[in-house]
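# Structural characterization, general
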Amino acid sequence: MSNEELWQNALSEIELNVSRASFATWFKDTCLADINNEGIVTISVPNGFAQEWLGNKYHKFILKSLRTIVPEIRSINYVINASLAKKQEVFEQKNKFKKDEAISSEEQLDFKDFHVDPKTNLNPKYTFDNFIVGSFNDLAYTAALAVIKNLGKAYNPLFIYGGSGLGKTHLLQAIGNSIKKESSQKKVNYMTAEKFSNELVSSIQAGSAHNFKEKYRDCDLLIVDDIQFFEKKIKTQEEFFHTFNTLYDAGKQVIFSSDRAPQSIIDIEERLRSRLQVGVIIDISAPDYETRLAIIKAKCNEKKIALDDKILEIIAGSVQRNIRELEGALNLIHMQSLYKNKIMTPEEAKLILSKNARPKTTVNASQIIKMISEFYDIPEKNMYEKTRKHEIVHPRQIAMYLIREDLSGSFPSIGQKFGGRDHTTAMHAYLKVKEGIKNNPKIEEEIKQIREKYYPK
Ligand code: ADP
Ligand code: MG
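Parameters and conventions
- Residues numbered from 1 in each chain as written.
- Chains lettered and ligands numbered in written order.
- Predicted model: local features only at pLDDT ≥ 70, side-chain atom pairs only at ≥ 80, totals over all residues.
- Heavy atoms only, no water.
- Pairing = 2+ DSSP bridges.
- Helix = DSSP H or I, 4+ residues; strand = E, 2+ residues; numbered from the N terminus.
- Axes fitted to C-alpha atoms, helices over the stretch in contact; angles between N-to-C directions.
- Contact = heavy atoms within 4.5 Å.
- 1 Å grid on protein atoms, 1.4 Å probe; cavity = no way out; pocket = protein on both sides within 12 Å on 5 of 7 lines; lining within 4 Å.
- Points joined across faces, edges and corners; volume = space filled by probe spheres on them.
- Nonpolar A, V, L, I, M, F, W, Y, C, P; charged D, E, K, R; others polar.
- Left-handed = near helix turned anticlockwise from the far one by under 90°.
- Core = buried A, V, L, I, M, F, W, Y, C linked by side-chain atoms within 4.5 Å.
- Buried < 20%, exposed > 50% of the residue type's maximum accessible area, 1.4 Å probe, protein only.
- Parallel < 35°, antiparallel > 145°, perpendicular 65-115°, else oblique.
- Near = heavy atom within 4 Å.
- Polar contact = N/O pair within 3.5 Å; in protein donor to acceptor, adjacent residues only side chain to side chain.
- Areas by Shrake-Rupley, 256 points an atom, 1.4 Å probe, with all protein chains shown as cover.
- Salt bridge = Lys/Arg side-chain N within 4 Å of Asp/Glu carboxyl O.

### Things to note about the sheet that holds strand S3 (residues 75-80)
The strand order across the open sheet built from three strands is S1-S2-S3, with neighbouring strands paired in mixed fashion. Strands at the two margins of the open sheet, each flanked by one partner only, are strand S1 (31-35) and S3. On average, adjacent strands in this sheet sit at an angle of 30° to one another, irrespective of strand direction. Relative to S3, strand S2 (residues 40-45) runs parallel, the two being bridged by six bridges. Considered in S3, the bridge of Ile40 is made with Ser75. Relative to the sheet, helix H1 (residues 3-14) contacts S1 and S2, its axis offset from that of S1 by approximately 125°. Here helix H3 (residues 48-56) sits on the sheet in contact with S2 and S3, set at roughly 165° to S3.

### Points about empty space enclosed by the protein
Evaluated as defined, the whole model comprises one cavity of 30 Å³ or more. In this structure, the largest cavity spans a volume of roughly 30 Å³. Lining the largest cavity are Gln336, Ser337, Lys340, Lys342, Ile343, Met344 and Glu348. Here the lining of the largest cavity is built from residues that sort into two nonpolar, two polar and three charged.

### Remarks on the packing of helix H17 (residues 390-407) against helix H20 (residues 441-454)
Across the interface, H17 lies against H20 with an axial gap of 12 Å and an inter-helix angle of 60°. Viewed along their axes, H17 and H20 form a crossing whose handedness is right-handed. Seen from H17, the contacting residues are His394, Ile398, Tyr401, Leu402, Glu405 and Asp406; seen from H20, they are Ile443, Glu446, Ile447, Ile450 and Arg451. For the contact of H17 with H20, the class distribution of residues is six nonpolar, one polar and four charged.

### Thoughts on the nonpolar core
By size, the foremost hydrophobic cluster in this structure holds 47 residues, and its most contacted members are Leu158, Ile175, Ile255, Ile296, Ile315, Leu330 and Ile333. Of the residues forming this core, the biggest block, six residues, is contributed by helix H14 (residues 323-340). Contact partners of Ile175, with chain neighbours within four places excluded, come to Phe128, Ala144, Val147, Ile148, Leu158, Leu221 and Ile255. Ranked by size, the runner-up nonpolar core spans 31 residues in total, among them Phe411, Phe418, Ala426 and Ile437.

### Observations regarding the packing of helix H12 (residues 289-303) against helix H13 (residues 309-318)
Packing of H12 against H13 leaves a shortest axis separation of 9 Å and a crossing angle of 125°. In this view, H12 runs oblique relative to H13, as classed from their interaxial angle. Handedness of the crossing formed by H12 with H13: right-handed. Of H13, the residues touching H12 (which contributes Tyr289, Arg292, Leu293, Ile296, Lys297 and Cys300) are Asp309, Leu312, Glu313, Ile315, Ala316 and Gly317.

### Examining the site of ligand 1
Inspection of the region around ligand 1 gives 17 residues, with Ile132, Gly165, Thr169, His170 and Lys299 positioned closest. One of the backbone nitrogen or oxygen atoms of Ile132 is found 2.8 Å away from a nitrogen atom of ligand 1. At a separation of 3.2 Å, an oxygen atom of ligand 1 approaches a polar backbone atom of Leu166. For ligand 1, the protein covers 92% of the area, taking 560 Å² as the surface of the free molecule. Those elements giving two or more residues to the shell around ligand 1 turn out to be helix H7 (168-182) and H14.

### What to know about the pattern of salt bridges
For the structure on display, the rule yields 16 salt bridges. For the salt bridge of Lys213 with Glu239, the shortest nitrogen-to-oxygen distance reads 3.8 Å. Of this pair, Lys213 sits in helix H9 (residues 209-217) while Glu239 is found in helix H10 (residues 234-249), placing the two residues 26 residues apart along the sequence. Residue Glu435 is joined to Lys232 by a salt bridge in which the shortest nitrogen-to-oxygen separation is 3.9 Å. One end of the pair, Glu435, is in helix H19 (residues 423-439); the other, Lys232, is in the loop between strand S6 (221-225) and H10, and 203 residues separate them in sequence. One continuous salt-bridge network, built from bridges that share partners, spans Lys232, Asp267, Glu435 and Lys438.

Here it is as C-alpha cells:
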C-alpha cells in the first residue's frame, strides 16, 4: 500500500468524525509524506494554522485512524510542506535516471469532498448506479424513481426515514444528481438541515435574511437532509415553514430525510410536522445478511478489491445495522491485507474485526428492566406499574432510555413493554434522560455504572 493510499483511507475514517467544513479546511492539501522504520509518520500540511489544528485538535483522531490500518504506527509529526521537500527529493533522485519522468510539485491529493458542486451541494459520487436495492430499501428506491419521473407531482413532499448509515443521504443525492443530469437547467438544492439552520442564523446576523429567503424559494427541487436537526430550533422552523409553503404552492418538489418518522420528531411545531406528513412517508430498514453480502460484493467490484468469499461472509456477519460501518469494515480488512502483503486467513479477519467492533450488548429488554430494578433496589414488578412516584419514575425512565439507546428498541414497543403506555411516554423518557446525561453528572455516572456492572464484557 502506498503512503497515498494509506492517507486516503485514514482520511475517509477521519471524515466521519469531523464536520464537513472542518474537514475541507484543515485536511485540504495534506498528505502522508513519510513513515520511517520506527513507526513515526510525517504528515505534510500546507501552513502553520493547519499544523496547529491538526497537531492539537485532531491529533487523536488522526493517530487512531492511522493505527486502525497500520497498528505499528507510534507517533506523528506535522511538518509544513514536507511533501514538497519529499517530492523534490524524489524528483531529483528520479531525474538522475529518467529525465522525462518529472513529477509536478502541484500534484495534489484529490479529495472526493471537493468535488461537491457548490451551486447544488451535490456530490457526484452518489448515484443510482452504485446504489444497491434490496427488500430493506426498495420502497424508498421506487418512490425516488417516481419523484424523478414526475417532479413536484408524484410524491410531494417525499419523506424518507431510517437509522444512521442506511443510505438516506446517498439516495437523496442520487435523486438530485439524476435530475441535474437529465435537465441541467433545473435548479436543485441539497441542504443538510444543520446547514440550513446555520446559514439562516448567520444571514440574520449579517442583516441579509432577504437573500437567504430568495435562495431557497427559487428552486425546482429542494432536498433537506436530517430534518430532525430542526428540533427545538423555533426560528429555523418558522423560516423553513414559509420556504416550504412557497415551494409547495408553486408545485416544486421537496424531499426530506430524518432518522425517525415525523411523529417521533418531538420538539417541532405542529404546523410544520403536518406539512412534513402531507406527502409520502417511507422508511428504510436494516439490510438482512444476504443483502449485506451483496452490498459488500458490489463494493469490492467497484473498488477492485479482491478478497476471499469466506472473508466477505465474515464481514457481512459482523456489522448488522449500518452500511457505512459495513464499508468501513471492508476497507479495514482490505487495507490490512494490503499492508501485510500476504493472503489473509478468515481467522485473522475475525480477529481484526472483533478488535475494532463496537461493544455489543447481548442483553434483552426484560433483562435490562431486571438489572435496573436491582440497581435502584426496587421490586421488579414496580417497574411496570402506572405510578408517578419519583423513586419508580426515575429508574423506569433510565430503563426506557437504555432499551432505546443500546437495543434500538422502537418507542411503541417500549411503551408496550411498560404496561401498555403510549409511545410518546417512552419518547419523553428517552429525551429526558438524554438531556439529564448532558446536564447532570450524577445521571451520567449512574448510566455508566449500570452498563459497567451488568452488561456482558
Ligand atoms: P445515512 O444518510 O442514512 O446515514 P448514507 O447515505 O450516508 O447513510 O450511507 C452511508 C454509506 O453507505 C455511504 O458511503 C453510502 O454510499 C453507502 N450506502 C448506503 N446505502 C447504500 C446502498 N443501498 N447501496 C450502496 N451503498 C450504500
Ligand atoms: Mg445522511
